[in-house]
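A closer look at the structure
Spelled out from the first residue to the last, the chains are:
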Amino acid sequence: MEEITEAVQNISISNDSQKKNRIQVSNTKKPLFFYVNLAKRYMQQHNDVELSALGMAIATVVTIAEILKNSGFAVEKKIMTSTVDIKDESRGRTIQKAKIEIVLGKTEKFDELMAAAEEERELANGEEQS
């Protein structure tokens, strides 16, 4: 019975880690501006976004956050750093990796900037078709 109780507690913990507004960034899978644009979409839907990365991808997350802040789309709400234990299958041992989580929120002019960007895109598409 204790095993079932423990399993249920673990399930609730793992569900909590799958937040709807979290983006787990890799520096090998997608280009930088894929994540920048995805973060903008997440902020449109949820008002804030959590960018998360391990190890070498930390620099990518910081760059994404800075692009969003410097272009006026986001404000920094929270930054958390930690180390996590990861099982290295090839060596059969546990290694520690640095982890960062950055929570960004919309600025007051976020919606205005998004509308302007959409208008520019529509104009560009109109010029291409004519």
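Look a little higher up for the structure.
Let us look at the structure shown here. Remember, it's a predicted structure, so these values are computed and weren't measured experimentally. (Residues numbered from 1 in each chain as written. Predicted model: local features only at pLDDT ≥ 70, side-chain atom pairs only at ≥ 80, totals over all residues. Heavy atoms only, no water.)

As a further point, take the side chain of glutamate 101. By the element assignment, glutamate 101 lies in strand S4 (residues 93–106). When residues no more than four places from it in sequence are discounted, the contact partners of glutamate 101 are Arg22, Glu50, Leu51, Ser52, Lys78, Ile79 and Met80. (Helix = DSSP H or I, 4+ residues; strand = E, 2+ residues; numbered from the N terminus. Contact = heavy atoms within 4.5 Å.)

Turning to its location among the elements, asparagine 21 is positioned in the loop between helix H1 (2–16) and strand S1 (22–24). Distance from asparagine 21 to glutamate 50, taken between C-alpha atoms, is 6.1 Å for residues 29 residues apart in sequence. For asparagine 21, the contacting residues outside a window of four places in its chain are Tyr42, His46, Asp48, Val49 and Glu50.

How two aromatic rings sit relative to each other is given by the distance of their centres and the angle of their planes. By the definition in use, this model includes two aromatic pairs. A centroid spacing of 5.4 Å and a plane angle of 80° characterise the contact between phenylalanine 34 and tyrosine 35, whose relative ring orientation is edge-to-face. Note on phenylalanine 34: relative accessible area 35%, which makes it partly exposed. With 5.8 Å between their ring centres and 80° between their planes, phenylalanine 73 and phenylalanine 110 make a pair best called edge-to-face. (Phe/Tyr/Trp six-rings, centres within 6.5 Å; stacked < 30°, edge-to-face > 60°. Buried < 20%, exposed > 50% of the residue type's maximum accessible area, 1.4 Å probe, protein only.)

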